[in-house]
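So you can see what is in the structure, the chains are spelled out below.
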Amino acid sequence: MASPTGGSPGLLLWLLLLQPQLGCGQVNAKILGGQEAEDGKWPWQVSVRIRGKHVCGGSLITQQWVLTAGHCILSRFHYNVKMGDRSVYKEITSVVVPVRDIIVHPQLSVVGTIQKDLALLQLLYPVNFTMTIQPICIPQKTFRVEAGTTCWVTGWGRKEEYGGDLITSVLHEVDQGIIHHEKCNEMIQKAMKTTRDVVLEGMLCGYKGAGKDSCQGDSGGPLVCKFKDTWVQVGLVSWGLGCGRGNVPGVYTDIAAYSKWIVEVINRAASLYPVVFLIPLLCLVLPLGILVAP
Ligand SMILES: *[C@@H]1O[C@H](CO)[C@@H](O)[C@H](O)[C@H]1NC(C)=O
């Protein structure tokens, strides 16, 4: 993650939210400026771990489900998830929950260009929401964020393309201007000196000038935008050509394109355990029914 400046997220879509306090995408903590994220500023951010070691970012979308990148799940290691703290090492306000089940998108492809890069992690037990643990809203299928909207990506990833530590101990945030896949494809084709399509439908990009990008270790982490008073996850860190290079946007999985799959997976699990799981699901379903693209 490279250095962000101030600037408020764009408000380019008008959304109707009936009862946002009951839903997702809400922040309780006081927010201050700065490069390091304040405690509780991004309460849906999680660290996905293997044997206690951070491997990827992720986001909490219900009490029992975490969204991350498909390419983060390359083996059947025992994963767990840490959330509730901006430090990737310390466990002051955080909880660590084992992962019970992993569902990678069945069409994940890492050949040529990474496609359908998402996975859902079902936690062993539901977490309780706190000041520093809250779910993020998932947009519905028709939701299209306007190009140029300022959004934020967060993570514990590497701060520079070369050198420096592999992960940063305190959660970082970087602002990103949204670029749709067609335009992004042109930019990346130019950088790669290729005519092959590399950025396809189901992806979106973010760019805010050289040095502002997601990097290794940020994979799977959320790209979120604030609409009215609610934060919505529009993307998930997927891939890039190096990190923070000039005129090379970072590429994200477009969450709206997969919201149907996400809801299906969670509903399928819920139908196996109808009583226990119906309540946590509300958080996802409520905003899904309410977010409306113009
Ligand atoms: C959540 O809160 C309930 C009620 O206070 C408690 O019984 C349960 O153990 C908590 N769950 C976790 C994961 O902390």
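As a reminder, the structure under discussion sits directly above these lines.
Here is a short report on the structure shown in this document. (Residues numbered from 1 in each chain as written. Predicted model: local features only at pLDDT ≥ 70, side-chain atom pairs only at ≥ 80, totals over all residues. Heavy atoms only, no water.)

### Things to note about the overall build of the chain
When you go through the chain residue by residue, the secondary structure sums to 3 helices and 12 strands. Counting across all 294 residues of the chain, residues that qualify as buried make up 57%. For the chain, restricting intrachain contacts to residue pairs at least 6 apart in sequence, the fraction spanning at least 24 positions comes to 71%. Here the chain displays about 12900 Å² of accessible surface, and carbon together with sulfur accounts for 57% of that area. (Helix = DSSP H or I, 4+ residues; strand = E, 2+ residues; numbered from the N terminus. Buried < 20%, exposed > 50% of the residue type's maximum accessible area, 1.4 Å probe, protein only. Contact = heavy atoms within 4.5 Å. Areas by Shrake-Rupley, 256 points an atom, 1.4 Å probe, with all protein chains shown as cover.)

### Things to note about the side chain of T150
Mapping T150 onto the fold places it in strand β7 (residues 150-155). Look at T150 and you get buried, because its relative accessible area is 13%. Side-chain polar atoms of T150 contact the side chain of K208, separated by 3.0 Å. (Polar contact = N/O pair within 3.5 Å; in protein donor to acceptor, adjacent residues only side chain to side chain.)

### Notes on helix α1 (residues 181-192)
Taking 1.5 Å as the rise per residue, α1 with 12 residues should run 16 Å; its terminal C-alpha atoms sit 16 Å apart, in good agreement. Among the residues making up α1, those that are buried are H181, C184, N185, M187, I188 and Q189. In this structure, the buried side of α1 is in contact with β8 (172-179), β9 (203-207), β11 (230-239) and β12 (250-254). Of the residues trailing α1, K193 is marked for its positive phi of about 55°. (Expected span 1.5 Å × (residues − 1).)

### A few points about the nonpolar core
Most often, soluble globular proteins have nonpolar side chains that are buried together. I61, L67, V81, L123 and I262 are the most contacted members of the largest nonpolar core, which has 45 residues in total. No other element matches helix α2 (residues 259-272), which puts 5 residues into this core. Beyond its immediate stretch of four places on either side in the chain, V81 contacts V46, S47, V48, V66, V95, V96, V97, V99, L121 and L123. Judged by nonpolar contacts, the second largest core, of 17 residues, contains C137, I178, L223 and V234. (Core = buried A, V, L, I, M, F, W, Y, C linked by side-chain atoms within 4.5 Å.)

### Things to note about the site of the ligand
Taken together, the residues surrounding the ligand are Y125, P126 and N128. Note that an oxygen atom of the ligand is positioned 2.3 Å from one of the side-chain N or O atoms of N128. In isolation the ligand exposes 360 Å². Once the protein is present, 28% of that is buried. (Near = heavy atom within 4 Å.)

### Details of the pairing of strand β3 (residues 65-68)
Residues W65 and L67 point to one face of β3 and V66 and T68 to the other, with burial holding for every one of them. What sits between the antiparallel neighbours strand β2 (residues 53-60) and β3 is a turn of 4 residues. Pairing of β3 with strand β6 (residues 119-123), which is carried by 4 bridges, proceeds in the antiparallel orientation. From the neighbouring strand, W65 faces β6, where its bridge partner is Q122. (Pairing = 2+ DSSP bridges.)

### Digging into the sheet that holds strand β1 (residues 45-50)
By definition, the strands of a sheet pair up through backbone hydrogen bonds, in either a parallel or an antiparallel sense. The strand order around the closed barrel formed by 6 strands is β1-β2-β3-β6-β5-β4, and the pairing between neighbours is antiparallel. Within the sheet, the average angular offset between the axes of one strand and its neighbour, ignoring direction, is 45°. The sheet contact formed by β1 and β2 spans 6 bridges and is antiparallel. Its bridge partner lying in β2, R49 is registered against H54. (Axes fitted to C-alpha atoms, helices over the stretch in contact; angles between N-to-C directions.)

### Side note on the pattern of salt bridges
In total, this model carries 2 salt bridges according to the counting rule given. Of the charged contacts, one joins K41 and E173 as a salt bridge, the two residues approaching to 3.0 Å between their closest N and O atoms. Here E173 lies in strand β8 and K41 lies in the segment before β1, a separation of 132 residues in the sequence. In this pair, the class of K41 matches that of E173, namely buried. Of the charged contacts, one joins E264 and K260 as a salt bridge, the two residues approaching to 3.6 Å between their closest N and O atoms. With E264 and K260 both in helix α2 and 4 residues apart, the pair spans about one turn of that helix. (Salt bridge = Lys/Arg side-chain N within 4 Å of Asp/Glu carboxyl O.)

### Comments concerning the state of the cysteines
One covalent bond between the sulfur atoms of two cysteine residues makes up a disulfide. Under the criterion given, the structure shown has 4 disulfides. Each disulfide pairs two cysteine sulfurs, and for C151 the partner residue is C225, the sulfurs being separated by 2.1 Å. Handedness of the C151-C225 disulfide follows from its S-S torsion of about 95°: it is right-handed. Of this pair, C151 sits in strand β7 while C225 sits in strand β10 (residues 222-227), placing them 74 residues apart in sequence. We classify C225 as buried; its relative accessible area is 0%. Covalent S-S linkage joins C184 and C205, the inter-sulfur distance amounting to 2.0 Å. Around the S-S axis, the bridge from C184 to C205 shows a dihedral of about -85° and counts as left-handed. Highlighted residues: C184 in helix α1 and C205 in strand β9, separated in sequence by 21 residues. For the pair C184 and C205, a shared accessibility class is recorded, and that class is buried. (Disulfide = S-S within 2.5 Å.)

None of the figures reported here should be taken as evidence of function without further support.
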